[in-house]
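Okay, here's what each chain looks like letter by letter:
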Amino acid sequence: MPVSLGVQKDHGFDDPLGLLFDCHRRIELFLKMLLKVAGDLQGSQLDKQHRDALEAALRYFSTAMPRHTADEEESLFPRLRQMNSPEADVALKRIEALEADHVAADRDHQRVDVLGRKWLADGQLSRPELEELTTLLNRLQQMYTRHIQVEDTSLFPAARRMLSEDQVREIGREMAERRGLKPVEL
Ligand SMILES: [Fe+2]
Ligand SMILES: [Fe+2]
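Residues numbered from 1 in each chain as written. Chains lettered and ligands numbered in written order. Predicted model: local features only at pLDDT ≥ 70, side-chain atom pairs only at ≥ 80, totals over all residues. Heavy atoms only, no water.

Enquirer: Explain the coordination of the iron ion (ligand 2) residue by residue, including any values.
Expert: For the iron ion (ligand 2), the full set of protein donor atoms is His24 (NE2), His68 (NE2), Glu72 (OE) and Glu151 (OE), at a range of 1.9 to 2.2 Å. The distance between the iron ion (ligand 2) and the iron ion (ligand 1) comes to 3.1 Å, with Glu72 serving as a donor to both metals. One end of the pair, His24, is in helix α1 (residues 16-41); the other, His68, is in helix α2 (residues 48-81), with 44 residues separating them in the sequence. Each member of the pair, His24 together with His68, is buried. (Donors = N, O, S within 2.8 Å, 3.2 Å for Na, K, Ca; no water. Helix = DSSP H or I, 4+ residues; strand = E, 2+ residues; numbered from the N terminus. Buried < 20%, exposed > 50% of the residue type's maximum accessible area, 1.4 Å probe, protein only.)

Listed below in C-alpha cells is the structure:
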C-alpha cells in the first residue's frame, strides 16, 4: 500500500466542521493502513514500504488524533451542550456516547502504539502479539465506522444548524491554535 502522507485538506479553519469531516477520512485511511500492514506481513520482517506505512499511521494516531478528539471535546461539544433546544438535547445524548467511544479508542490506540513500536524496534511480532494487534485494530475499525457515521451524518449537520457564525469562527480559531497556527483570516 502506498503511503499517503499528503492527504489533501478540502476545508480550511473557516469551516471547522468541514475540517473535522476531513480528519475522519484520515482516521479511516490510517486505520486501513495499519490493518493492511498487519494483514500483509502477519508480524514478520518489515520491508521499507510497510515500515513507512506503520510509522506514518502510528505517528498520526499519537499526534494528530488527540487534537481531533480535543477539537470535538473541548471546542465543539461544550458549545452544543450550552444550547437549549430539543435538537440540542438529542445531540447531547449522542455526545455522551461519543465521549465514551473516545475513551475506549484512546485505550486501544495506546496498546496499538506499544505493539506497533515493538514491531518497528524488533523487526517482527510474535503470533500472540499479532493476534492482539489485529483484534484491537478490528475493534477500532468497527467502533470508528459507527462513531464517524454518527458525527458525519447526524451531529455535524445538527451543529451546522445550531451554531452561530461567531461560534463557528471561535471553533476554527481554537482548532488552528491547537496546531500552533494563527489563522489571520479568521
Ligand atoms: Fe469523535
Ligand atoms: Fe470525530
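Now that the structure has been shown, the text picks up again.
Enquirer: So what's going on with unusual backbone geometry? Which residues, and what values?
Expert: Note: most peptide bonds trans; most residues except glycine with negative phi. You will see that Gln42, though not glycine, has its phi angle at about 55°, which is positive. For Gln42, the position within the fold is in the loop between α1 and α2.

Enquirer: So, the coordination of the iron ion (ligand 1): which residues are in play, and what are the values?
Expert: Geometrically, a metal with four donors at the corners of a regular tetrahedron has ideal angles of 109.5 degrees, and one with six donors at the corners of a regular octahedron has ideal angles of 90 or 180 degrees. The iron ion (ligand 1) binds to the protein through Glu72 (OE), His102 (NE2), His147 (NE2) and Glu151 (OE); the donor distances cover 2.0 to 2.2 Å. In this structure, the iron ion (ligand 1) is surrounded by four donor atoms whose angles at the metal cover 82 to 172°, and the resulting shape is irregular. Between the donor residues of the iron ion (ligand 1), the gaps in sequence give the motif E-x29-H-x44-H-x3-E. Residue classification places Glu72 among the buried residues on the basis of a relative accessible area of 0%. (Tetrahedral: all angles 85-135°; square planar, octahedral: opposite > 155°, others 65-115°.)

Enquirer: Describe in detail the layout of surface pockets, supporting the description with residues and values.
Expert: Taken as a whole, the second largest pocket spans an internal volume of roughly 270 Å³. Taken together, 17 residues make up the lining of the second largest pocket; nearest its centre are Phe61, Met65, Pro66, Asp106 and His109. Secondary-structure elements contributing two or more residues to the lining of the second largest pocket are α2, α3 (86-122) and α4 (127-162). Of the residues forming the lining of the second largest pocket, the biggest block, eight residues, is contributed by α3. Along the lines of polarity and charge, the residues of the lining of the second largest pocket split into nine nonpolar, five polar and three charged. (1 Å grid on protein atoms, 1.4 Å probe; cavity = no way out; pocket = protein on both sides within 12 Å on 5 of 7 lines; lining within 4 Å. Points joined across faces, edges and corners; volume = space filled by probe spheres on them. Nonpolar A, V, L, I, M, F, W, Y, C, P; charged D, E, K, R; others polar.)

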